[in-house]
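# A structural walkthrough
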Amino acid sequence: MKKIGILFGLLILIAVSACQDLSDINDNPNNVNQTHPQLLLTNIASSAFSVNGTSSLYASRMLVQTDGENNNQYYNWDRAGFGDYNMLGEVTKMIQEGERIESKEYVAIGKFFRAYYFYNLTLTFGDIPYSEALQGETDASFSPKYDSQKEVFIGILKELEEANTLLKENNAIVAGDIIYNGDMSQWQKLINSFRLKVLITLSKKEGDADLNVKSAFSAIYANESIMQSIEDNGQLVFLDQEGSRYTEFNSSGYGSGMYMSSTFIKRLQDREDPRLFIFCGRTKNAKETGLALDDFNAYEGGDPLAPYAEVNDKAAAGDVSKVNLRYTTDPTTEPHNLLSYSEVEFILAEAAVRGWISTDAKMHYENGIKASFSFYNTYAKGFETYVESTDADTYIAGSLVAFNTSASLAEKLDFILTQKYFTSFLHSGWRMYFDHLRTGYPTFVQSAGATPPTRWIYPLSEYNNNSDNVASAIESQFGAGNDKIREITWWLK
């Protein structure tokens with residue numbers, strides 16, 4: 001079972017033993033320059049698999065803010081940071097320590113995390129430092145060049161392939177694993193499933209001969225181990241212990257100003273989707289008038305395009321739903337999925353309708369929905385009766401959910417991406433926003449002239465410390481000085 005434990009005792013135990021084991025090769029046994037990679041793995045996994053906050057939910061039309069103008073909701077953000085490189089530094093050290101103790105398993109997992117962080121970084125900015133990144137300690141290189149986004153994606157796919165190969169060669173149990181409890185066969189499923197995720201992200205590059213996206217996807221699906229059930233979910237399970245609780249537990253961000261978006265609620269209501277009761281709370285007026293929890297009329301959202309003061313008036317009148325309290329009052333409310341079996345099934349459904357694999361898109365689509373219902377039936381305490389397997393069957397037969405095998409490609413993609421979107425509430429970070437940028441589905445309401453931004457501006461620190469390389473990257477992608485949020489990066493062209 002995937003668990004997260006308390007780190008402090010482990011830190012002390014391993015640090016002490018490391019000091020003892022290495023005292024004969026260190027001048028100062030209290031200044032340890034080596035450690036077992038299990039310690040690094042625990043911290044890396046805890047960080048990577050934690051909930052990514054609510055910014056993406058505003059951008060993806062799931063939340064609205066009423067006590068101020070939220071930049072993500074109104075599509076007027078600017079810069080993002082390079083904080084992921086800090087975690088990549090830890091990943092690099094874990095790989096080095098894995099090589100030192102000759103553990104291919106830690107190296108393979110390290111390659112997965114490198115792929116994960118570089119994937120997020122390149123989707124955020126475009127071109128990024130990759131081949132020369134993280135060489136400050138080894139080569140005293142502090143001004144890395146920027147690699148093209150295409151080169152970064154090629155590198156990501158290569159590292160994931162290498163990780164899979166390493167785990168084929170060796171499959172020992174590793175310590176410090178709070179995701180799969182040391183089971184390398186589960187990590188192999190996650191790694192190969194993530195390869196499919198990266199490849200479907202490159203759907204616009206199907207014709208690129210250097211990538212061979214379609215054939216690479218088909219080969220992985222046919223020959224490699226991938227997720228087969230929710231037991232394979234790449235998820236972090238939380239415990240009611242200090243440092244191990246659900247990431248949004250007791251978060252002040254869910255206070256008086258955060259409410260649900262009307263467009264998100266309306267999509268769920270139109271489909272009579274019982275996950276509405278799990279994601280949202282009833283409006284104040286609905287509760288006071290006695291509407292039941294499973295009454296779809298008990299929920300209402302705020303217009304994401306309206307001025308925040310206008311939505312605030314509606315909320316003050318008791319007519320806007322908040323996020324379900326279980327997310328902030330239950331320290332173990334549900335595991336957080338970095339990549340779920342449900343998402344993988346929707347990826348396979350999309351690949352099938354695109355003709356990348358010869359399989360039944362309808363089956364994968366329905367499997368994705370059933371897996372989502374099963375996840376909430378397992379973890380949404382007090383809401384189990386709304387998401388039984390029979391509820392999933394009834395839902396799938398609904399007129400706005402039933403998959404029409406005779407529909408056009410666009411219609412099929414709309415159905416698949418909409419259901420995939422529903423599974424992303426407080427899961428998988430910006431995945432649903434990037435899916436929208438790539439496919440146009442599901443549609444997001446937007447004000448005239450305020451199209452969804454396609455990237456973030458590079459960090460100010462790069463302008464200060466790596467100015468020549470960042471300027472060159474901007475010029476090669478968008479033209480000199482065009483570091484703007486609506487410039488189109490390579491993966492979207």
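Refer to the structure presented above.
To start, this report covers the structure provided alongside it. (Residues numbered from 1 in each chain as written. Predicted model: local features only at pLDDT ≥ 70, side-chain atom pairs only at ≥ 80, totals over all residues. Heavy atoms only, no water.)

## Observations concerning the packing of aromatic side chains
One pass over the full model with this rule turns up 48 aromatic pairs. With 5.4 Å between their ring centres and 85° between their planes, Tyr-146 and Tyr-458 make a pair best called edge-to-face. Here Tyr-146 is found in the loop between α6 (136–139) and α7 (149–169), whereas its partner Tyr-458 is found in the loop between α19 (431–439) and α20 (460–465), with 312 residues between them in sequence. Across the pair, exposure class does not vary: Tyr-146 and Tyr-458 are buried alike. When the centroid spacing of 5.4 Å and the interplanar angle of 80° are considered together, the rings of Tyr-180 and Trp-187 count as edge-to-face. Side by side, Tyr-180 and Trp-187 carry an identical accessibility label, which is buried. Note that Arg-61 overlies the ring of Tyr-75, its terminal NZ or CZ placed 4.3 Å from the centroid. (Phe/Tyr/Trp six-rings, centres within 6.5 Å; stacked < 30°, edge-to-face > 60°. Helix = DSSP H or I, 4+ residues; strand = E, 2+ residues; numbered from the N terminus. Buried < 20%, exposed > 50% of the residue type's maximum accessible area, 1.4 Å probe, protein only. Lys NZ or Arg CZ within 6 Å of the ring centre and 35° of its normal.)

## Section: helix α21 (residues 467–478)
With 12 residues, α21 extends 16 Å between its outermost C-alpha atoms, agreeing within 8% with the 16 Å of an ideal straight helix rising 1.5 Å per residue. Listed in full, the buried residues belonging to α21 are Val-470, Ala-473, Ile-474, Gln-477 and Phe-478. When α21 is viewed along its axis, its buried side chains cluster within an angular range of 95° and face the same direction. Exposed residues lying more than 90 degrees from the buried face of α21 are Asp-468, Glu-475 and Ser-476. For α21, the secondary structure elements touched by its buried residues are α5 (104–125) and α20. (Expected span 1.5 Å × (residues − 1). Arc of directions from axis to C-beta. Contact = heavy atoms within 4.5 Å.)

## Observations concerning the packing of helix α16 (residues 361–379) against helix α17 (residues 389–396)
In the contact formed by α16 and α17, the axes pass within 9 Å of each other and the chain directions differ by 140°. Classified by the interaxial angle, the pair formed by α16 and α17 is oblique. In the packing of α16 onto α17, the handedness of the crossing is right-handed. Every residue of α17 that contacts α16 at Glu-366, Ile-369, Lys-370 and Phe-373 is listed here: Asp-391, Ala-392, Asp-393, Tyr-395 and Ile-396. Here the residues of the contact of α16 with α17 sort into 5 nonpolar, no polar and 4 charged. (Axes fitted to C-alpha atoms, helices over the stretch in contact; angles between N-to-C directions. Parallel < 35°, antiparallel > 145°, perpendicular 65-115°, else oblique. Left-handed = near helix turned anticlockwise from the far one by under 90°. Nonpolar A, V, L, I, M, F, W, Y, C, P; charged D, E, K, R; others polar.)

## What about α17?
Of the residues making up α17, those classed as buried are Ala-392, Tyr-395 and Ile-396. The buried residues of α17 occupy one face: seen down the axis, they fall within an arc of 95°. For α17, exposure combined with an orientation more than 90 degrees from the buried face picks out Thr-390 and Thr-394. Those residues of α17 that are buried are in contact with α11 (275–279), α16 and α18 (409–422).

## Observations concerning the nonpolar core
In summary, soluble globular proteins display a tendency toward joint burial of nonpolar side chains. Residues Phe-49, Phe-113, Trp-187, Phe-217 and Phe-425 are the most contacted members of the largest nonpolar core, which totals 140 residues. Here the element with the most residues in this core is α5; it accounts for 14 residues. Contacts of Phe-113, omitting those with residues within four sequence positions, involve Leu-41, Ile-44, Ala-45, Ala-48, Phe-49, Leu-88, Val-91 and Trp-187. Val-64, Val-311, Ala-315 and Val-320 belong to the second largest nonpolar core, which has 6 residues in total. (Core = buried A, V, L, I, M, F, W, Y, C linked by side-chain atoms within 4.5 Å.)

## A short note on empty space enclosed by the protein
Counting across every chain of the model gives 1 cavity of 30 Å³ or more. In this model, the largest cavity occupies a volume close to 100 Å³. Lining the largest cavity are 14 residues, and of these Asn-337, Ser-340, Ser-342, Phe-375 and Thr-423 sit closest to its centre. Here the element with the most residues in the lining of the largest cavity is α16; it accounts for 4 residues. Taken together, the residues that form the lining of the largest cavity break down as 5 nonpolar, 8 polar and 1 charged. (1 Å grid on protein atoms, 1.4 Å probe; cavity = no way out; pocket = protein on both sides within 12 Å on 5 of 7 lines; lining within 4 Å. Points joined across faces, edges and corners; volume = space filled by probe spheres on them.)

## Let's talk about the environment of Asp-483
Summarising the element assignment, Asp-483 is placed in the segment after α21. With a relative accessible area of 7%, Asp-483 lands in the buried category. Residues Asp-483 and Ser-252, 231 residues apart in the sequence, show an inter-C-alpha distance of 33 Å. The residues touching Asp-483, leaving out its near neighbours within four places in the chain, are Arg-455, Trp-456, Ile-457, Tyr-458, Tyr-463 and Ile-474. Within the structure, the side chain of Asp-483 is placed 3.2 Å from the backbone nitrogen of Tyr-458, a separation counted as a polar contact. (Polar contact = N/O pair within 3.5 Å; in protein donor to acceptor, adjacent residues only side chain to side chain.)

## Here's the deal with the side chain of Arg-114
The topology assignment puts Arg-114 in helix α5. Setting aside its immediate chain neighbours within four residues, Arg-114 contacts Leu-88, Val-91, Thr-92, Ile-95, Tyr-130, Leu-134 and Glu-159.

## Remarks on the environment of Ala-473
If you trace the backbone, Ala-473 turns up in helix α21. Measuring from C-alpha to C-alpha, the distance between Ala-473 and Ile-95 comes to 28 Å, with 378 residues separating the pair along the chain. Those residues in contact with Ala-473, other than ones at most four positions away along the chain, are Asp-127, Tyr-146 and Tyr-458.

## Side note on the environment of Glu-242
In this fold, Glu-242 is placed in the loop between β2 (234–236) and β3 (258–260). Residue classification places Glu-242 among the exposed residues on the basis of a relative accessible area of 61%. Here the alpha-carbon distance between Glu-242 and Lys-205, two residues 37 residues apart in the chain, equals 45 Å. Among the polar contacts listed, one links the side chain of Glu-242 to the side chain of Arg-245, at a separation of 3.3 Å.

## Description of the pattern of salt bridges
Going through the model one piece at a time under the given rule, you end up with 26 salt bridges. With a closest N to O distance of 2.4 Å, Lys-158 and Glu-162 form a salt bridge. Of this pair, Lys-158 and Glu-162 both sit in helix α7, separated by 4 residues, roughly a single helical turn. A residue is classified by how much of its surface remains accessible, and Lys-158, at 48% relative accessible area, is partly exposed. Classification of Glu-162 as partly exposed rests on a relative accessible area of 26%. Glu-350 is the salt-bridge partner of Arg-354, the closest N and O atoms lying 2.9 Å from each other. Using a relative accessible area of 1% as the deciding quantity, one classes Glu-350 as buried. Counted as one network, the salt bridges with shared partners bring together Glu-350, Arg-354, Lys-420, Asp-435 and Arg-438. (Salt bridge = Lys/Arg side-chain N within 4 Å of Asp/Glu carboxyl O.)

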